[in-house]
Amino acid sequence: GLPGYTFKRAPGELWRSRFDEKNNIVIINNGHSDYIFAMKKKTLKLKYICRLYTKELVLKNFKGYSGSELLERMVELSLYTEEFLK
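Nothing here was measured: the structure is a model prediction, and the numbers come from that model.

Caption draft 1: Structural detail: helix α2 (residues 42–61). Taking 1.5 Å per residue as the helical rise, α2 with its 20 residues ought to reach 28 Å, and the 28 Å between its terminal C-alpha atoms agrees with that figure. Taken residue by residue, α2 has Tyr-48, Ile-49, Cys-50, Leu-52, Tyr-53, Thr-54, Glu-56, Leu-57 and Val-58 as its buried positions. Taken together, the buried residues of α2 touch β1 (4–8), β2 (17–20), β3 (25–29), α1 (33–38) and α3 (67–82).

The following block contains the structure:
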């Protein structure tokens, strides 16, 4: 099934999200400055979390693809998932 997500506060660290394959969960750095900025508006926060989730799913499911191919998949998945965030 689809992984869940959780938060880990790591202010000052560069990572925004990570995928914990062992536990099948996306870990989101809620101490990252981008997350703090996104928290200002509920819709922005939801879109930010969706983008991180999308990034982790694409990286997990398209191993070995080039950077440009990964970005294309990320745009594709983002388009469909953000349609349902309204």
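Caption draft 2: Geometry of the pairing of β2. Residues of β2 alternate between two faces, with Ser-17 and Phe-19 buried on one and Arg-18 and Asp-20 left unburied on the opposite face. Count of turn residues in the β2/β3 antiparallel hairpin: 4 residues, of which Asn-24 carries a positive phi of about 50°.

Caption draft 3: Summary view of the sheet that holds β1. Read from one edge to the other, the open sheet built from 3 strands follows the order β1-β3-β2, with strand pairing classed as mixed. Of all the strands in the sheet, just β1 and β2 have a single pairing partner and so form its edges. The average undirected angle you get between the axes of adjacent strands in this sheet is 25°. As paired strands, β2 and β3 are joined by 4 bridges and run antiparallel to one another. Considered in β3, the bridge of Phe-19 is made with Val-26. Of the strands in this sheet, β1, β2 and β3 are in contact with α2, which crosses β2 at around 45°.

Rules used throughout
- Residues numbered from 1 in each chain as written.
- Predicted model: local features only at pLDDT ≥ 70, side-chain atom pairs only at ≥ 80, totals over all residues.
- Heavy atoms only, no water.
- Helix = DSSP H or I, 4+ residues; strand = E, 2+ residues; numbered from the N terminus.
- Expected span 1.5 Å × (residues − 1).
- Buried < 20%, exposed > 50% of the residue type's maximum accessible area, 1.4 Å probe, protein only.
- Contact = heavy atoms within 4.5 Å.
- Pairing = 2+ DSSP bridges.
- Axes fitted to C-alpha atoms, helices over the stretch in contact; angles between N-to-C directions.

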